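Structural overview for review
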Amino acid sequence: MTLECLNTTEDQLDKGSIMTHGEDCCATAEDGAESDQQRPLILERVEKDSAKNWKTLVSHRIKKHCLCTPKKAKSKILGFVPILRWLPQYQLREWLLGDIMSGLIVGILLVPQSIAYSLLASQDPIYGLYTSFFSSIIYALLGSSKHISVGIFGVLCLLVGQVVDRELALAGYLTESSVSSNASAILLAGQGNDSVGVECDRSCYAITVGATVTFTAGVYQVLMGIFQVGFVSVYLSDSLLSGFATGASLTILTSQFKYLLGLKIPRPQGWFTLFKTWYNLLINLGNTNICDLVTSLVCLLILIPTKELNDRFKAKLKAPIPFELFVVIIATLASHFGHFNTDYGSGVAGDIPTGFLPPQLPMWTLIPNVAVDAFSIAIVGFAITVSLSEMFAKKHGYTVDANQEMYAIGFCNILPSFFRCFTTSAALTKTLVKESTGCQTQVSGLVSALVLLLVLLVIAPLFYSLQKCVLAVIIVVNLRGALRKFIDIPRMWRVNHVDASIWMITMATSALVNTELGLLVGVLVSALCVLGRTQKAQVLELGRATTREHYDDLLSYRGLGTHPGVAVFRYEAPIYYANQSLFKKSLYRCVGLDPVKEKTRIIKLKKKKKQQEEVTGGQNMKSQEKEAAGKEDVVEAGTTVTLMKSCRSLSSLVIDCSAILFLDTAGVNALKEVRKDYGELGIKVVLAQCNVSVLDDLERGGYYPEKKECDGGENKIVFFTIADAVHYVQGLSTPNGDYDSKC
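Residues numbered from 1 in each chain as written. Predicted model: local features only at pLDDT ≥ 70, side-chain atom pairs only at ≥ 80, totals over all residues. Heavy atoms only, no water.

As for the packing of helix α7 (residues 125–142) against helix α16 (residues 402–417)
α16 packs onto α7 with a crossing angle of 150 degrees between their chain directions and a minimal axis gap of 9 Å. When the axis of α7 is compared with that of α16, the two are roughly antiparallel. Of the two elements, α7 crosses α16, and the hand of that crossing is right-handed. Note on element contacts: α16 touches α7 through Gln404, Glu405, Ala408, Phe411, Cys412, Leu415 and Pro416, opposite Phe134, Ser135, Ile138, Tyr139 and Leu142. Each residue belonging to the contact of α7 with α16 can be placed in one class, and the counts come to 9 nonpolar, 2 polar and 1 charged. (Axes fitted to C-alpha atoms, helices over the stretch in contact; angles between N-to-C directions. Helix = DSSP H or I, 4+ residues; strand = E, 2+ residues; numbered from the N terminus. Parallel < 35°, antiparallel > 145°, perpendicular 65-115°, else oblique. Left-handed = near helix turned anticlockwise from the far one by under 90°. Contact = heavy atoms within 4.5 Å. Nonpolar A, V, L, I, M, F, W, Y, C, P; charged D, E, K, R; others polar.)

Structure, rendered in structure tokens:
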């Protein structure tokens, strides 16, 4: 198969006409350079020895995973415990001051937040301090990020709290409206778990449930790290995570109103908890504790403006002012000396013991009940941690390992669960504070742990009189960032309708229906949006630029010309089982000729002719044959079809496959059907600019005819440019075309 040339004069190009093959297209010796440019592009595929590659791949895998050398063992250990890698290289003079400052400030912020978020997880305040302490140490040892702060995160506390309240209700424990969380003294009957003991009050059982959920979630995360599935984080888009966090923030906000008003009502379970909570709040509004309400309002009036000042002047401040700690100290003193608990019935934190409790095992019999909840908690915790790690690593010019982050956050849940802790992950607010105050490494996390250790050993009992409404105010104030996302909805909609829709659907489902369901719905909607984009793809007709061999959408650019008798089309999506029928419909609509309908019309004409022959007999046979032949000239009289839509004749179709990423069996069959159906109408269909993967799919799917001898070649033609395909089909349409089409 050879190509001589395709010449067009400059004047003809200026007029916007694309010449066909038969019009002044002979090359001369003087046009040698131009002739070279018109020759088809020929590339030779690299032959791959599949058997050799398979053996090499298996051998390489075995050596990589099974062969142990001292160098590999050292690399594995350093990779699993990153602190062993960076601590010997620690630059004491340059980094120590920044790490100490950021560690102290984050530690001070963690004290009130750890106590506050314990309420959200339905736990006593001491367990929040335990959780922040252990997670700070473990992540400093195993984490690959230099900047993120791992500890209590509001969304995870909400998820854990919902599971804890559900299991408390199933176990028959009294609600907070009937009993103090620190003095239930109710027997744990029928549980049969030696790690809990013979007798366990409400607080004890609550942390047992929380620790069991945390242990199970940690196991999930470590298993995902072992199986190298850290890539799953890419399927949780920013809009999905943001919508989920905002929806959960609305649920958190609603759940804290009972503390702000001093109401003792149980947390509703199941779906539509937001509506159930507001209903309970409204019917119990008359029982509002005035002392708690006044305290809440005063604390809100103090914290909201001061936090805004911190945000506004954060560039000028060397460190954010810990107003939360000041409010906690002042409120604790006021409650203690004002006897708010005894005289006004205000709910307080209660006894916070010093030191550490002995470790205990999770409740194994409870794991089946919480396994599904723990999985969603594990996914959310990992996704938040990895997204924050990658964001700050990119900002500061280093890399993090997603699978190592999975290990780190998994062990931050597994190991602390034996010491009565609940689920943790990275937290954006504390990470921003940590970064802005000079953090260089995870030494700052160890400094924060020392601050918490001081509180646990000495200071914790002093928070006995701290009102729960003050802790609720701290939680509500820290939701400002998530709730501000509502202001960004118009901007998100202008930027991308699809991402904005995913955000709103995920947020609405998380807030109004169910928090865990919101995450699942968000993932499904994101996947459906990706599928929908492949479903919405349309076939575009391309035209050629007048100055060079470039083809683009006729409806998008001016000055593009078409070839007489040849139409060029592009489909900008993969062709697979879900959209192959849509591809054919779009192509037929764009071409202006449905070959299936056209064949059906011809068959009907033949049947009608046959019926007429039987009725009229032999006298009118000749006239009927002439009439039918005139209608069937599409197939029998020539190789061109006149398209009624565009009033132009068509002899060939060129399909630009450059935007087709892959084909499955249904996609290959769809292309076969297109070629066959149009071929029966005398229209030649060729493919151009197929990538290697698509060429392999076509080869395996039997798109190309079987090999047959013809001048030593095979009946398989591959076009690497649209121009080559156009020149080829133009050569076929002329008796003495430039392409040798013997095969």
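Some words on the nonpolar core
Counting 102 residues, the largest nonpolar core has Tyr205, Phe422, Phe463 and Leu466 as its most contacted members. Ranked by the residues each element gives to this core, the list is headed by helix α15 (residues 367–396), at 12 residues. The next biggest cluster of nonpolar side chains, apart from the first, holds 34 residues, and it includes Ala537, Tyr588, Ala670 and Val694. (Core = buried A, V, L, I, M, F, W, Y, C linked by side-chain atoms within 4.5 Å. Buried < 20%, exposed > 50% of the residue type's maximum accessible area, 1.4 Å probe, protein only.)

With respect to a nonpolar patch on the surface
Residues Leu309, Phe313, Leu317, Ile321, Phe326 and Ile330 make up a contiguous nonpolar surface patch of about 510 Å² in total accessible area. Secondary-structure assignment places Leu317 in the loop between α12 (290–312) and α13 (323–338). (Patch = residues over 30% accessible without salt bridge, like charges linked within 9 Å, V, L, I, M, F, W, Y side chains within 5 Å. Areas by Shrake-Rupley, 256 points an atom, 1.4 Å probe, with all protein chains shown as cover. Salt bridge = Lys/Arg side-chain N within 4 Å of Asp/Glu carboxyl O.)

Let's talk about unusual backbone geometry
Positioned with a positive phi, Phe272 is a non-glycine residue whose angle comes to about 60 degrees. Along the chain, Phe272 turns up in the loop between α10 (238–260) and α11 (273–283). The backbone of Arg420 shows a phi angle near 60 degrees, a positive value even though the residue is not glycine. Position of Arg420 relative to the elements: it lies in the loop between α16 and β2 (425–426). Judged by its relative accessible area of 13%, Arg420 falls in the buried class.

Examining the packing of aromatic side chains
For the structure shown, the criterion picks out 23 aromatic pairs. Ring centres of Phe133 and Phe134 lie 5.2 Å apart, and the angle between their planes is 75 degrees; on these two criteria the pair is classed as edge-to-face. Pair check on accessibility: Phe133 and Phe134 agree, each one buried. Pairing Tyr571 with Phe583 gives two aromatic rings, centres 5.0 Å apart and planes at 65 degrees, and the pair type is edge-to-face. Taken as a pair, Tyr571 in strand β5 (residues 565–571) and Phe583 in helix α24 (residues 580–591) lie far apart in primary sequence, 12 residues in all. Residue Tyr571 shares its accessibility class with Phe583, and that shared class is buried. What links up through ring pairs into an aromatic cluster is the set Tyr127, Tyr130, Phe133, Phe134, Phe356 and Phe419. Lying across the ring of Tyr703, Arg675 places its NZ or CZ 4.1 Å from the centre. (Phe/Tyr/Trp six-rings, centres within 6.5 Å; stacked < 30°, edge-to-face > 60°. Lys NZ or Arg CZ within 6 Å of the ring centre and 35° of its normal.)

Comments concerning the environment of Ser658
Among the secondary structure elements, Ser658 is positioned in the loop between β7 (648–656) and α28 (665–680). Classification of Ser658 by relative accessible area gives partly exposed; the value is 38%. For the pair Ser658 and Thr721, spaced 63 residues apart in the sequence, the C-alpha separation amounts to 9.4 Å. Setting aside chain neighbours within four positions, we find Ser658 in contact with Arg570, Ala688 and Gln689. A polar atom in the side chain of Ser658 sits 3.0 Å from the side chain of Asp656. (Polar contact = N/O pair within 3.5 Å; in protein donor to acceptor, adjacent residues only side chain to side chain.)

Concerning helix α6 (residues 92–120)
For α6, spanning 29 residues, the distance from its first C-alpha to its last is 39 Å, which sits close to the expected 42 Å at 1.5 Å a residue. A maximum bend of about 30 degrees is found in α6 at Leu110, where proline Pro112 lies one to four positions downstream. Taken from the residues just after α6, Ser122 is the one with a positive phi, measuring 60 degrees. (Expected span 1.5 Å × (residues − 1). Bend = angle between axes of the 7 residues up to and from the residue.)

What to know about the packing of α10 against helix α19 (residues 468–477)
The geometry of α10 relative to α19 is characterised by a closest axis approach of 8 Å and an angle of 155 degrees between their N-to-C directions. Between α10 and α19, the angle is such that the two are roughly antiparallel. The interaxial crossing formed by α10 with α19 has left-handed handedness. Residues Ile252, Leu253, Gln256, Tyr259 and Leu260 of α10 pack against Lys468, Cys469, Ala472, Val473, Ile475 and Val476 of α19. Its residues assigned to classes, the contact of α10 with α19 comprises 9 nonpolar, 1 polar and 1 charged.

So, the environment of Arg558
Inspection of the secondary structure puts Arg558 in the loop between β4 (551–553) and β5. Take Arg558: its relative accessible area is 85%, and that puts it in the exposed class. A C-alpha to C-alpha distance of 9.6 Å links Arg558 and Gly543, two positions 15 residues apart in sequence.

Examining the pattern of salt bridges
Tallying each qualifying case throughout the model produces 15 salt bridges. Here Lys307 and Glu324 are joined by a salt bridge, their closest N and O atoms 3.3 Å apart. Taken as a pair, Lys307 in helix α12 and Glu324 in helix α13 lie far apart in primary sequence, 17 residues in all. The residues Lys307 and Glu324 share a single accessibility class, namely buried. Salt bridges here are not isolated pairs; linked through shared partners, they connect Asp552, Arg570, Glu572 and Asp656.

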